[in-house]
Each structure stands twice: as C-alpha cells, then as structure tokens.
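Here are the chains, one letter per residue:
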Amino acid sequence: MIFGTTGIEGLPQGTHYIKRMKATPGETYVLEHPVTDRPELPTEVTMGPDEYFACGDNFNNSYDSRYWGSVPGANLRGVGSIVFWPFNGWRIIR
C-alpha cells in the first residue's frame, strides 16, 4: 500500500511510504516478527474500523506499524505495482 504520512505520529510529515498491508479493518494480526528489544511494543494488534497495519519487507531493519501504529484509511493513496529497486531485482507486483 502507498500512504501519506500526514498525521501519523513518529513519521516525517507530508511524504509517502510504500509498505506491505498485513491487516485490514477488524483483523487481528499476530506479528510474525515482533520487536524483541522493546518489550513494551505489542506482539498482536487488532485493527479498528478504518485502520491498516503496514510492514516493511526487511522486518529486522524496517520502521513500520510495529513502531508507529496503524495507518488511517484516509491516508491510503494507492497500490504498489512495480518494484524498481534494486535495478537488478525489478519486477511487477501481483
């Protein structure tokens, strides 16, 4: 999913991110890769009526919803369609 960062505390404001959508409204997501060095962060989350959970591709080095929480539906901008970086790994997302 592509989303705007405006209003999401902990992210630079006024830019866009692209991440994997791991949970949609009403779904409970048990984190496949919880943040083990921060025990105060949840290992399971349930999305509210208009919330989405975003995860990065490289869980060990990704700053994502595990840290800053859900993405409001109003922030969604689109769907990723092509991976172009790194150049030797480009592909169409299905």
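Structure's up top.
Each chain carries its own residue numbering, running from 1 in the written order of its sequence. Given that this is a predicted model, residues contribute local features only at a pLDDT of at least 70 and side-chain atom pairs are listed and counted only at 80 or more, while totals for whole chains, interfaces and linings are drawn from all residues. Values reported for side chains reflect all heavy atoms of the structure, with hydrogen atoms and water molecules removed beforehand.

**Side note on the layout of surface pockets**
Our working rule: Think of a 1 Å grid over the protein atoms and nothing else: a 1.4 Å probe that fits but is trapped marks a cavity, an open set flanked by protein within 12 Å on at least five of seven lines marks a pocket, and residues with an atom within 4 Å of a point count as lining. Grid points are joined across faces, edges and corners, and a volume is the space filled by probe spheres set on the points. Secondary structure elements are defined from DSSP: runs of H or I of at least 4 residues count as helices, runs of E of at least 2 residues count as strands, and each element is numbered from the N terminus. In the scheme used here, Gly and all other residues not listed as nonpolar or charged are polar, with Ala, Val, Leu, Ile, Met, Phe, Trp, Tyr, Cys and Pro taken as nonpolar and Asp, Glu, Lys and Arg as charged.
What the largest pocket holds in volume is close to 510 Å³. Around the largest pocket, the lining comprises 17 residues; the ones closest to its centre are Ile18, Arg20, Asp57, Val83 and Ile93. Counting residues per element, the ones that place at least two in the lining of the largest pocket are strand S9 (82-83) and strand S10 (91-92). A per-class count over the lining of the largest pocket returns 10 nonpolar, 2 polar and 5 charged.

**So, the sheet that holds strand S7 (residues 71-72)**
Inclusion rule: DSSP calls a pair of strands paired once it identifies at least 2 bridges connecting them.
Read from one edge to the other, the open sheet built from 3 strands follows the order S3-S6-S7, with strand pairing classed as antiparallel. Across the chains shown, the open sheet's two edge strands, defined by having one partner strand only, are strand S3 (20-23) and S7. Looking at chain direction, S3 and strand S6 (residues 51-55) are connected through 3 bridges and run antiparallel. Across the sheet, alanine 23 pairs through a bridge with phenylalanine 53, a residue of S6.

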